[in-house]
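Structure assessment
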Amino acid sequence: MTQKNKTPIFPFSYIGEKAKEYDRQKWMERNQKNAAIRCLEYLFDDKLGKSDIELGDMPLILDLGCGTGFSCEIFLENSFKVVGIDILTDMITIASKKRKSYDYKYFELVLGDITALPFRVDCFNHIISVSSYNFITHNAKSIREIRKILNNTAKYLRKILKKNGRIIIEFYPKNDSELLLFTKSFTEHGFNGYMVKRDPKQKGGQTFLLMKKEG
Ligand SMILES: C[S@@+](CC[C@H](N)C(=O)[O-])C[C@H]1O[C@@H](n2cnc3c(N)ncnc32)[C@H](O)[C@@H]1O
């Protein structure tokens, strides 16, 4: 059972019965949706500068590691078009059932890997990831390998973002050095931004990276 306050283990916490259980848990839904709402607030953060998005536009968001779709639902309910991508069939199958409640043309789901994205350049207004980005390095055997995965992913995310696009990543770094690796993968590859911690004194815990594509 996925327990509250227990660190999830990828992929075991999200396979088979665990995937169904994940989706049934009310506290999980609440946590994912609250984090997604905060990501949307940070998307329009003043410190990132004026947003290009006009009222009435329906910007396209890529939801990295969309799971069973809690975060997608928040973006859809706030008038964004959404493409969700997830690597696990068990999770995305549940998300695809929720897709039926929305207009299909505004909500696409893709089974795929964040580190090998199947999208053409210049196609998303913004990219958001809620509680998933940590996992992209789970197979890495060394710091060198972690750095390579993070840097290559950030470079590709930059390519698929439109001009002035933003990335908001909500994740749980284990410590300051991991946070630095994740942050530098963006700031050294064409993004400008900063991070916000829920509790500024905390070492690890919930952290938001707010990044804007430069140039
Ligand atoms: C906490 S869950 C999902 C959170 C999601 N925001 C939601 O609302 O349900 C984390 C997800 O990240 C996905 N994930 C982990 N590594 C991934 C990768 N390399 N590519 C795509 N998805 C990945 C997992 O399959 C899992 O569904």
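Everything that follows concerns the structure shown earlier in this document.
The rules behind each value
- Residues numbered from 1 in each chain as written.
- Predicted model: local features only at pLDDT ≥ 70, side-chain atom pairs only at ≥ 80, totals over all residues.
- Helix = DSSP H or I, 4+ residues; strand = E, 2+ residues; numbered from the N terminus.
- Rg over C-alpha atoms; globule rule 2.2 N^0.38 Å.
- Buried ≥ 20, exposed ≤ 12 C-beta atoms within 10 Å, placed from the backbone.
- Contact = placed C-beta atoms within 7 Å.
- Expected span 1.5 Å × (residues − 1).
- Arc of directions from axis to C-beta.
- Near = placed C-beta within 6 Å.
- Nonpolar A, V, L, I, M, F, W, Y, C, P; charged D, E, K, R; others polar.
- Axes fitted to C-alpha atoms, helices over the stretch in contact; angles between N-to-C directions.
- Parallel < 35°, antiparallel > 145°, perpendicular 65-115°, else oblique.
- Left-handed = near helix turned anticlockwise from the far one by under 90°.
- Core = buried A, V, L, I, M, F, W, Y, C linked by C-beta atoms within 7 Å.
- Pairing = 2+ DSSP bridges.
- Right-handed = clockwise from strand over helix to strand, strands pointing away.

A few words now on the overall build of the protein. Scanning the protein for helices and strands turns up six helices and seven strands. Reading the protein from its N end, one meets helices and strands in the order α-α-β-α-β-α-β-β-α-β-α-β-β. A compact globule built from 215 residues should have a C-alpha radius of gyration of about 17 Å, and the protein, at 16 Å, falls within 12% of that. The buried share of the protein, taken over its 215 residues, is 35%. Intrachain contacts of the protein at a sequence separation of at least 6 include 66% that bridge at least 24 residues.

Here we come to helix 2 (residues 26–43). A rise of 1.5 Å per residue sets the reference length of helix 2, with its 18 residues, at 26 Å; its end C-alpha atoms lie 26 Å apart and thus fit the reference within 8%. Within helix 2, the full set of buried residues consists of Gln32, Ala35, Ala36, Cys39, Tyr42 and Leu43. Seen end-on, helix 2 carries its buried residues on one side only, within an arc spanning 115°. Pointing more than 90 degrees away from the buried face of helix 2 are the exposed residues Lys26, Trp27, Arg30 and Glu41.

Around the ligand lies a shell of 22 residues, among which Gly65, Gly67, Phe70, Ser132 and Phe135 are the nearest. Contributions of two or more residues to the shell around the ligand are made by helix 3 (70–77) and strand 2 (81–86). In terms of residue class, the shell around the ligand is built from 12 nonpolar, eight polar and two charged.

The subject of this paragraph is the packing of helix 2 against helix 3. Orientation of helix 2 relative to helix 3, taken along the N-to-C sense of each, is 45°, at an axis distance of 8 Å. In terms of axis orientation, helix 2 runs oblique to helix 3. Crossing hand, helix 2 versus helix 3: right-handed. In this structure, helix 2 contributes Glu29, Gln32, Lys33, Ala36, Ile37 and Leu40 to the contact, and helix 3 contributes Phe70, Ser71, Ile74 and Phe75.

With that settled, the discussion passes to the nonpolar core. Counting residues in hydrophobic clusters, the biggest one holds 47 residues, and the most contacted among them are Cys39, Phe75, Val82 and Ile168. Beyond its immediate stretch of four places on either side in the chain, Cys39 contacts Ile128, Val130, Ile168 and Glu170.

This next bit is on the environment of Glu178. Take Glu178: it is sitting in helix 6 (residues 176–187). Along the sequence, Glu178 and Asn134 sit 44 residues apart, while their C-alpha atoms lie 9.6 Å from each other.

A large share of strand 5 (residues 161–171) lies buried, amounting to eight of its 11 residues. Taken together, the six bridges between strand 4 (residues 124–130) and strand 5 define a ladder with parallel strand orientation. Its bridge partner being in strand 5, Phe124 is matched across the sheet by Leu161. Taken together, strand 4, helix 5 (residues 143–160) and strand 5 form a β-α-β motif whose crossover is right-handed. Summarising the sheet, strand 5 and strand 7 (residues 207–213) pair through six bridges and their orientation is antiparallel. What sits directly across from Phe171, in strand 7, is Thr207.

Further remarks concern unusual backbone geometry. With omega at 5°, the peptide bond leading from Phe10 into Pro11 counts as cis. With respect to the helices and strands, Pro11 occurs in the segment before helix 1 (17–24). A positive phi angle, close to 65°, is found at Ser79, a residue other than glycine. Secondary-structure assignment places Ser79 in the loop between helix 3 and strand 2. Ser79 sits in the exposed class, given 12 other C-beta atoms within 10 Å. Unlike most non-glycine residues, Asp122 shows phi in positive territory, near 65°. Take Asp122: there are 11 C-beta atoms within 10 Å of it, and that puts it in the exposed class.

To continue, consider the sheet that holds strand 6 (residues 191–197). Across the sheet, seven strands lie side by side as 3-2-1-4-5-7-6; this open sheet has mixed pairing. Edge positions in the sheet fall to strand 3 (107–111) and strand 6, since each has one partner strand and no second. The average undirected angle you get between the axes of adjacent strands in this sheet is 15°. Where strand 1 (residues 60–64) meets strand 2, five bridges bridge the pair, whose relative direction is parallel. Each bridged residue has a counterpart across the sheet, and for Asp63 the counterpart in strand 2 is Gly84. Of the strands in this sheet, strand 2 and strand 3 are in contact with helix 4 (residues 89–98), which crosses strand 3 at around 165°. Seen against the sheet, helix 6 touches strand 6 and strand 7 and runs at an angle of roughly 155° to strand 6.

So yeah, pure geometry; function would need other evidence.
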